[in-house]
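# Overview (structure and organization)
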Amino acid sequence: MNIDILEQNRTSWNTVARHFNGVDALPGYGTFTQSEEELRLFDAIEGKNVLDIGCGSGHSLLYMSEQGAKDLWGVDLSDSQIERAREILSGLDAQLYCAAMEQDIGLPEQYFDIVYSIYAIGWTVNLDRTFELIYSYLRPGGTFIFSWDHPLYVHLRSENGIISLNGSYQDEGSVHYANFKGENAPMTIPKRKFSTYLNALVKAGFSIEQVVEPDVPHELKDTEAEMSDRYYSLSKAQQFPTSFIVKARK
């Protein structure tokens with residue numbers, strides 16, 4: 001586990017947390033991506049014990065509560081995010097922990113029916129360990145669903161409406177941002193191939209049930225979008241998925 005990167009990212013997340021209040025939360029799976037309302041990936045939620053890995057501002061757990069989940073648990077690296085989640089979930093019996101997802105903090109094993117992670121799993125500095133822990137938390141037959149940036153999306157360069165490949169997809173290093181979200185917040189994000197995520201799931205013992213490279217939401221499908229060179233843009237998302245989603249089972 002790379003402690004230096006974790007501590008750097010923890011400090012920076014505390015700085016930028018306000019930019020992500022309610023962003024990338026269920027029923028959404030990511031920017032310009034079909035939602036749970038369209039994809040219906042979760043099995044029955046009512047009465048289930050759920051764990052959110054990278055729970056952020058708590059909005060996904062709030063969604064789970066509204067769907068009838070019985071026991072709400074969340075883990076996030078950022079103190080600021082956990083504080084916000086406690087506010088959002090005020091009045092609900094939610095167990096929230098400020099910790100790295102790679103860290104064994106004594107969460108109950110074989111307890112959760114559902115573990116999920118919405119646009120957070122890619123931050124892990126130890127993917128194998130993270131998936132091993134998640135596997136241990138789940139009851140036999142339990143479901144793990146996560147979404148993240150499509151591994152090729154980071155390599156797509158958009159210039160004057162033309163999309164091209166930038167950099168090497170084979171290079172599984174990391175991307176460093178000196179000023180994440182325009183703040184004095186250095187961030188380092190691991191860069192992995194699609195196969196790395198799938199193989200790590202199999203190694204941890206999961207059976208992969210579904211892999212989704214989602215389209216844009218239905219209401220945006222036929223929208224005529226202006227060409228944009230922004231990292232996330234509707235015009236680019238209509239040609240290539242911004243995200244990928246995996247549903248796996250123990």
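Preceding this paragraph is the structure being described.
Overview of the structure.

### What to know about empty space enclosed by the protein
- Across all of its chains, the model carries 1 cavity of 30 Å³ or more by this definition.
- In this structure, the largest cavity is lined by I53, V75, A100, M101, Q103, I105, L107 and Y137.
- When grouped by side-chain class, the residues that make up the lining of the largest cavity number 7 nonpolar, 1 polar and no charged.

### Here we look at a nonpolar patch on the surface
- Residues V202, I208 and V211 make up a contiguous nonpolar surface patch of about 220 Å² in total accessible area.
- Relative to the helices and strands, I208 is located in strand 10 (residues 207–212).
- Since its relative accessible area comes to 33%, I208 is described here as partly exposed.

### Quick look at the packing of aromatic side chains
- Under the defined criterion, the tally for this structure stands at 25 aromatic pairs.
- Ring pairing ties together the aromatic residues F131, Y135, F144, F146, F194, Y197, F206 and F244, which thus form one cluster.
- The ring of Y231 has K236 sitting right over it, with the charged end atom 5.5 Å from the ring centre.
- In this structure, K250 packs its charged tip against the face of Y135, placed 4.8 Å from the ring centre.

About the thresholds
- Residues numbered from 1 in each chain as written.
- Predicted model: local features only at pLDDT ≥ 70, side-chain atom pairs only at ≥ 80, totals over all residues.
- Heavy atoms only, no water.
- 1 Å grid on protein atoms, 1.4 Å probe; cavity = no way out; pocket = protein on both sides within 12 Å on 5 of 7 lines; lining within 4 Å.
- Points joined across faces, edges and corners; volume = space filled by probe spheres on them.
- Nonpolar A, V, L, I, M, F, W, Y, C, P; charged D, E, K, R; others polar.
- Patch = residues over 30% accessible without salt bridge, like charges linked within 9 Å, V, L, I, M, F, W, Y side chains within 5 Å.
- Areas by Shrake-Rupley, 256 points an atom, 1.4 Å probe, with all protein chains shown as cover.
- Salt bridge = Lys/Arg side-chain N within 4 Å of Asp/Glu carboxyl O.
- Helix = DSSP H or I, 4+ residues; strand = E, 2+ residues; numbered from the N terminus.
- Buried < 20%, exposed > 50% of the residue type's maximum accessible area, 1.4 Å probe, protein only.
- Phe/Tyr/Trp six-rings, centres within 6.5 Å; stacked < 30°, edge-to-face > 60°.
- Lys NZ or Arg CZ within 6 Å of the ring centre and 35° of its normal.

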